[in-house]
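A look at the structure
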Amino acid sequence: MPGRTAGGRELATATIEESSMSKVAAKGVSKLLTLATPWVVGVFGFGLAAALYFILYSPEAIGAWSSVVTVCVLILTGVTYGTSHARGPWGRAHTTASTFLAGAWTVAVVNLGPGHPVLWRLGVLGGITMALSWNIRSVIRMKGWDEPGTVSDPLSFLFGRGAERAGMKEVEARTIKATAHKVTGEVQLEQGRHTADDLQKKVAYIESGIPLPPGSITTAIDPDDASKAKVTISDPRVMKHPIIWPGPSRPGLSIADPIRLGLWQDLDEIEYVIVGHHLQVMGQTGAGKSIGGAWNFLAEVVTRYDVAVFAADITKGDQTLGPMREALHRFETTKAGVKAMLADLQAQIKPRTNYLASKGLQKWVKGCGLTYWIVWLEEFPDIFDALTDSEQEKFLSMLKAIRSAGGTIVMSLQRSDYSQMPTLARGQLAKMCFGVDSPADASFGLSERQQDAGARPELWTNAQPGMAYLDAPSIPDERIAMPLRTFAWGITARGAFDDEAANAAMREHAARWPAAAKKVDPTTARLSLLAGGTHPLATWPVELEEPREADPEQDEDDDEDVRNVAAEYLATDDPDPDVIGDLDDEIPDLNEGEPPLTFAPPEQSMTPQQRGEALMARLQELWDDGARDFSSGDLKPLWESTDMSRAWVQKQLKKLAAAGILGGYDDEAQRYLMPDRPEIREEAA
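No experiment lies behind these values; they were computed from the predicted model shown. (Residues numbered from 1 in each chain as written. Predicted model: local features only at pLDDT ≥ 70, side-chain atom pairs only at ≥ 80, totals over all residues. Heavy atoms only, no water.)

A word on the sheet that holds strand β2 (residues 182-188). Strand order in the open sheet made by the four strands is β1-β2-β4-β3, with antiparallel pairing throughout. Taken across any chain shown, the strands that pair with only one partner, and hence form the sheet edges, are β1 (172-178) and β3 (217-221). Going from strand to strand, the sheet's axes swing by 25° on average, the running direction of each strand aside. In the sheet, β3 pairs with strand β4 (residues 228-234) via five bridges, with the strands oriented antiparallel. The partner of Ala220 across the bridge, within β4, is Lys230. (Pairing = 2+ DSSP bridges. Helix = DSSP H or I, 4+ residues; strand = E, 2+ residues; numbered from the N terminus. Axes fitted to C-alpha atoms, helices over the stretch in contact; angles between N-to-C directions.)

Right, here's the structure in full:
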């Protein structure tokens, strides 16, 4: 049976190959016959004229027969003219003239004979000319160059042929705008049979059918008509070389104005408004997300008058963001520093939203009196893992609140899967995706709209640094799947990248736009740690907040801020929260004989092996109770009754999933899978 199946497959393969070869051969023979036909007709016409001479010629009747042949020629010429009405002017004139000239020559041969020295020479020369003219027309028809719209609307002709070859007939394209670098058009699909989604899935085949380089066509849905789509054709090959950074686009304007990161594939400038949402920047090592992403973003941002940058990188330290330190209001490279910065920012969200509310505003707007915050977190997974459970929860809370308080958080990382990026956070982020290693990695860096539109960053990997896709507010729908290239820094005269030149250029740019020279609101000034160690309040006397009378509610907020700062240094919970006092209160000694205060017992202290055994016991308990998946909340008893932390448990779950003891993680359900009873195997241990 297996042999028969294999033999059947071989037979089927052979049949398909033979069928394909026969089709190719038949197509070649058909083209050859088409080109040979005018020559065969010419020889036949010469022979027919000679035969008519020998049949009809006689001195006494040649006049009458000559008239009859002339009438026949005129009839054939008229029929040719009438039946060629579907052709264009040139085609109609060619066919009619060919019939008339061949007929006139035949009449002359009937009268004078084929051996006449002038007639047979004219027959040979005219026959060759006519045959070649028909061959030229045949080649033009084969290429389709004579179809309507070829010259008047190239997009209609090219796109229509490509779509037909891709299996989408009845597609009509119309050029809306054509420039030196792109053609923008509108595509009318077959109503009731195709939608813009169908067209997006066929783009690669249409490119092959035209043919065009991969990535030449980008499509978008027409929001007003489901049977139409927008299409842009450009040349992706223009993006293969680095584009030198030309300098800031709008220095001195507001952060609410667009920033320029680079060029789209059609060579239009990227205009992106970063205000009002958060952003994920993803790409594999060497794909350009640091220099192409962080540098181009921040080089634009620091030139705007109403924004401050709070940055952190505990993985690479000064390597990526260090050259622009002078232009940053705060830059942390240690775990303790990052924790303190995030806590400081979060503590000021409510005062900022209260301030905006007092102005009658639901969100930050240009000129509201608050400095906009850009919080740039390089190598975000390492930063998030450094936070405790409570700090992680506070960060996610800040992520939801800071947007309306006037802030954007940018998280840069290499792979945004569930082990690197909280699912709650990933769902709130705009997407900028540089080159990645595989389609699986691309799914974490692209939005669903980009994936549906055919964006493929895995084609670049890290071979074309700076290439990316961007799906964010203010980006037109037709561009979310169009490749872009960010500007390059430190390009030498030979076109090579030079690290030292790039760092020098960035340091020079940061020195021209120092954070210390920017006027910011007092809250931002208090949170800033500027390069050189000078406290901002000593050099920035500007006050953007309006003077106010004493506000009990605001005083309570200030007290809350003090408590938050104090909480950073508490190692344990308050043993007796009912006992309160002021900083200036005297602390009395305990009376003699009064028993000392007792504190709550410490959490159960465990060795690493005991923690692992307790975790496995809990997982097995869930399995035995019928659970085949679980969430982190199901393990809450572990960190409530032992010294395990939530962060430690999360890391162990990732290791168990990688070892195959767990079945992985369901991103949509946000639950760990447990298809089998968890057991520690010898090799896993």
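It is worth spelling out the nonpolar core at this point. Counting 53 residues, the largest nonpolar core has Tyr272, Leu279, Phe297, Ile374, Trp376, Met432 and Leu470 as its most contacted members. Looking at this core, the element that brings in the most residues is helix α8 (residues 289-301), giving six residues. Discounting residues that sit within four places of it in the chain, Met432 has contacts with Leu261, Leu279, Gln280, Val281, Met282, Phe297, Ala468, Tyr469, Leu470, Leu484 and Thr486. Residues Phe310, Phe384, Met398 and Leu399 belong to the second largest nonpolar core, which totals 28 residues. (Core = buried A, V, L, I, M, F, W, Y, C linked by side-chain atoms within 4.5 Å. Buried < 20%, exposed > 50% of the residue type's maximum accessible area, 1.4 Å probe, protein only. Contact = heavy atoms within 4.5 Å.)

On the surface, Asp197, Glu448, Asp452 and Glu668 cluster together into a negatively charged patch. Looking at where Asp452 falls in the secondary structure, it is placed in helix α16 (residues 448-452). (Patch = residues over 30% accessible without salt bridge, like charges linked within 9 Å, V, L, I, M, F, W, Y side chains within 5 Å. Areas by Shrake-Rupley, 256 points an atom, 1.4 Å probe, with all protein chains shown as cover. Salt bridge = Lys/Arg side-chain N within 4 Å of Asp/Glu carboxyl O. Lys, Arg positive; Asp, Glu negative; His and termini not counted. Charge placed at Lys NZ, Arg CZ, Asp CG, Glu CD.)

Pairing is antiparallel in the open sheet, where three strands are placed in the order β15-β17-β16. Both outer strands of the open sheet, β15 (629-630) and β16 (665-666), are each paired with one neighbouring strand and no more. Sheet topology note: the β16/strand β17 (residues 671-673) ladder contains two bridges and is antiparallel. In the sheet register, Asp666 faces β17, and the bridge partner there is Arg671.

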